[in-house]
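Given next are the chains, with one letter for each unit.
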Amino acid sequence: MAEAEPNDQGLVEEAARAALARRFPERIENLGAYAEMLRTRGIEWGLLGPREAGKVWSRHISNSLALVDVLGRGTDVADVGSGAGLPGIPLALCRDDLQVTLLEPLLRRHNFLTLAVEELGLGERVRVERLRAEDCDETFDVVTCRAVAPLEKLLKWTTPMFFPGGELLALKGAGAEEEIEAARKRLDKCRLTAQVLHVRAVPEIEGTRAIRVLAK
């Protein structure tokens with residue numbers, strides 16, 4: 001898809017916000033507060049690039065919420081390499097039944113996440129850990145990530161966190177199928193199966209791909 005012109009991008013952004021407001025009317029206020037954090041402190045602290053200010057709804061929040069209907073009820077989720085909290089924070093804001101752990105090893109990002117969780121009132125269900133995935137000794141129902149690493153590296157880092165009873169849900173772009181093929185040896189060695197899910201938050205917003213990895 002061609003990059004939208006600035007004026008067009010503003011319309012795209014507003015349309016995305018409006019579509020999410022229709023889907024999550026009781027959540028849109030908190031989603032809006034988080035969107036403002038991303039547009040301001042998220043950019044000031046270097047978590048998002050300056051050009052991303054006009055794409056917070058249409059790219060980052062909507063992309064994260066593409067997983068909202070994929071997660072089972074009462075799921076214990078670990079969001080690895082959480083960065084600015086994507087996808088973990090939007091999912092926690094829209095799903096009261098989730099327990100979410102945000103794993104982020106870099107101090108500035110960890111501090112941003114801690115502040116966001118506090119300001120958004122998520123402290124009872126969301127915790128922030130300054131950890132790399134490979135240093136985590138817990139297991140979870142689901143491990144999520146977005147724009148962290150190719151699948152083969154993700155499997156190396158995260159398989160102990162979800163194997164054998166959980167799953168990995170990795171938000172990916174158009175190269176998802178190729179990543180699965182590149183990771184085929186590790187998948188087979190670890191007795192894992194992978195598939196590409198085509199997911200979207202709402203019909204009005206362009207969808208994305210997620211790689212789902214499960215034990216065979």
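Residues numbered from 1 in each chain as written. Predicted model: local features only at pLDDT ≥ 70, side-chain atom pairs only at ≥ 80, totals over all residues. Heavy atoms only, no water.

With an unreviewed UniProt entry as reference, the protein chain is termed Ribosomal RNA small subunit methyltransferase G, source organism Arachnia propionica. As recorded by UniProt, the Sequence similarities (unreviewed entry) comment attached to the protein chain reads in full: "Belongs to the methyltransferase superfamily. RNA methyltransferase RsmG family." Regarding the protein chain, the UniProt comment filed under Subcellular location (unreviewed entry) reads as follows: "Cytoplasm". (UniProt positions renumbered as here; feature names shortened; annotations may be inferred.)

Chemist: If you had to explain the overall build of the protein chain to someone new, which residues and values would you point to?
Modeler: For the protein chain, the count of helices and strands is 8 helices and 7 strands. Scaling as 2.2 N^0.38, a compact globule of 216 residues should have a C-alpha radius of gyration of about 17 Å, and the protein chain matches this with 17 Å. By the burial criterion, 50% of the 216 residues in the protein chain qualify as buried. Long-range contacts, defined as pairs at least 24 residues apart, comprise 68% of the intrachain contacts of the protein chain with a sequence gap of at least 6. (Helix = DSSP H or I, 4+ residues; strand = E, 2+ residues; numbered from the N terminus. Rg over C-alpha atoms; globule rule 2.2 N^0.38 Å. Buried < 20%, exposed > 50% of the residue type's maximum accessible area, 1.4 Å probe, protein only. Contact = heavy atoms within 4.5 Å.)

Chemist: Report on the sheet that holds strand β7 (residues 208-215), specifying residues and quantitative values.
Modeler: Taken together, the 7 strands give an open sheet; going across it, the order is β3-β2-β1-β4-β5-β7-β6, and neighbouring strands pair in mixed fashion. In the strand order of this sheet, the two ends are held by β3 (126-129) and β6 (192-199), each with one partner. Strand-to-strand twist across the sheet, computed as the mean angle between neighbouring axes with direction ignored, equals 20°. Relative to β7, β6 is paired through 8 bridges, and the arrangement is antiparallel. Bridge pairing in β7 places T193 opposite L214. Helix α3 (residues 56-64) contacts β4 (142-146), β5 (167-172) and β7 of the sheet and is inclined by roughly 170° relative to β4. Seen against the sheet, helix α6 (residues 151-162) touches β1 (76-80), β2 (99-103), β4, β5, β6 and β7 and runs at an angle of roughly 150° to β5. (Pairing = 2+ DSSP bridges. Axes fitted to C-alpha atoms, helices over the stretch in contact; angles between N-to-C directions.)

Chemist: I'd love a proper account of the packing of helix α2 (residues 28-44) against α3, names of residues and values included.
Modeler: In contact at an axis separation of 11 Å, α2 and α3 are set at 115° when each is read in the N-to-C sense. In terms of their interaxial angle, α2 and α3 are classed as roughly perpendicular. Taken as a pair, α2 and α3 cross one another with a handedness that is right-handed. Contacts between α2 and α3 involve I28, L31, G32, Y34, A35, L38 and R39 from the first element and V56, W57 and I61 from the second. Across the contact of α2 with α3, the residue classes break down as 8 nonpolar, 1 polar and 1 charged. (Parallel < 35°, antiparallel > 145°, perpendicular 65-115°, else oblique. Left-handed = near helix turned anticlockwise from the far one by under 90°. Nonpolar A, V, L, I, M, F, W, Y, C, P; charged D, E, K, R; others polar.)

Chemist: How would you explain the packing of α2 against helix α5 (residues 107-119) if you had to name every residue and give the values?
Modeler: Angle between the axes and distance between the axes are the two parameters that describe a pair of packed helices. One way to put it is that α2 packs onto α5 with a least axis distance of 12 Å and a crossing angle of 150°. Comparing their axes, α5 and α2 come out roughly antiparallel. Relative to α5, the crossing made by α2 is right-handed. Taken together, the residues of α5 that come into contact with α2 (itself represented by M37, L38, R41 and G42) are F112, L115, A116 and E119. Taken together, the residues of the contact of α2 with α5 sort by class into 5 nonpolar, 1 polar and 2 charged.

Chemist: Can you break down the packing of aromatic side chains residue by residue, with the values?
Modeler: Within this structure, the stated rule accounts for 1 aromatic pair. Here the aromatic rings of W45 and F112 are separated by 5.8 Å at their centres, their planes lie at 75°, and the arrangement is edge-to-face. You can see W45 sitting in the loop between α2 and α3 and its partner F112 sitting in helix α5, a full 67 residues away along the chain. When its relative accessible area of 0% is taken as the criterion, F112 is described as buried. (Phe/Tyr/Trp six-rings, centres within 6.5 Å; stacked < 30°, edge-to-face > 60°.)

Chemist: Account for the pairing of β7, naming residues and giving values.
Modeler: Where β5 lies against β7, 6 bridges are found, and the strand directions are antiparallel. Note that in β7 the partner of L168 across the bridge is V213.

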